[in-house]
Amino acid sequence: MKFAIQINEGPYTHEASDSAYQFTKAALESGHEIMRVFFYHDGVNNGTRLTTPPQDDRHVVNNWADLAKENDLDLVLCVAAAQRRGIADADESKRNGKDADNIQEGFRISGLGQLIEAGIEADRLLVFGD
Amino acid sequence: MSEGTTKQFLYVNRKAPHGTVYALESLEVVLIGAAFEQDVRLAFMDDGVFQIMKGQDTTGIGSKNFAPTYKALGDYDVNKIYVEKESLDERGLTEDDLMPLTYEDEDDDWAEKPSIKIVSRAEMADLIDSSDVMFNF
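My aim in this report is to walk through the structure given alongside it, one point at a time. (Residues numbered from 1 in each chain as written. Chains lettered and ligands numbered in written order. Predicted model: local features only at pLDDT ≥ 70, side-chain atom pairs only at ≥ 80, totals over all residues. Heavy atoms only, no water.)

1. A closer look at the pattern of salt bridges
Right, so step 1: Taken as a whole and assessed by the stated rule, the structure comprises 20 salt bridges over all chains.
Right, so step 2: Taking the shortest distance from any N to any O, the salt bridge between Lys113(B) and Asp108(B) comes out at 3.0 Å.
Right, so step 3: In this structure Lys113(B) comes out as partly exposed when scored by relative accessible area, which is 25%.
Right, so step 4: Connected via shared salt-bridge partners are Asp42(A), Arg84(A), Arg85(A), Glu25(B) and Glu28(B). (Salt bridge = Lys/Arg side-chain N within 4 Å of Asp/Glu carboxyl O. Buried < 20%, exposed > 50% of the residue type's maximum accessible area, 1.4 Å probe, protein only.)

Put into structure tokens, the structure is as follows:
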């Protein structure tokens, strides 16, 4: 089956991203396709490379990045949500006159159209959050 | 994107308009999604019914008052808006407390018609059941 995933909550405060990660991993291992993972609301905070959890805890951001690398996943941060919350890639940073970017490699920033498109193209869209 | 695919999209709004960002960012998805020519329906239930209440004023809390944007939904061809009766009842609200959201019907000489339909909890369940894609905010 072709799944799309939407994650609406940031890391660590909420388990949504962890649950989505576990689901994505299990789905891939079972031979399903994950056509896109879309991060919305505070979910965009899952895509900053500045995240530094204690060493004895899981690294939510790196988990996603590693999984994406191994499986060629499309990890998309919503641009409007990311701008509000200070998540930027080099282009966004420059465009908005900022002095730094913080996106984790393996993620990309794009528009809400990517979420709608995922809803249209996937067999199932799964939403993780409250 | 696969050309010509039309799905039933249902946006379920369950949270109060202010206090969290979900209502505002849900509305942003609806407005962007309107460009994709899908069959779009909006549902308001639980505290989500407060999102389309008349007379919202956010001056005191310093956040953006995006309530007027709901009135533009008709212009985006988003004109199937379902409000759950039980959610209104539980909060002491009636349809008169809601903004009169309307659209112009191009098949009826652009007559202005109401977009809001009050439905029961059971009818809401049917709406959810008949949707292909459901966003829950």
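Now, onward.
2. Side note on the environment of Gly4(B)
Right, so step 1: Along the chain, Gly4(B) turns up in the segment before strand 1 (8-13).
Right, so step 2: The sequence separation of Gly4(B) and Asp126(B) amounts to 122 residues, and the corresponding C-alpha distance is 25 Å. (Helix = DSSP H or I, 4+ residues; strand = E, 2+ residues; numbered from the N terminus.)

3. Describing the pairing of strand 5 (residues 111-114) of chain B
Residues and elements named next belong to chain B.
Right, so step 1: Where strand 4 (residues 102-105) and strand 5 come together, four bridges link them in antiparallel fashion. The residue of strand 5 that forms the bridge with Glu-104 is Glu-112.
Right, so step 2: Taking the residues between adjacent antiparallel strands as the criterion, strand 4 and strand 5 are bridged by five residues, where Asp-109 takes a positive phi near 55°. (Pairing = 2+ DSSP bridges.)

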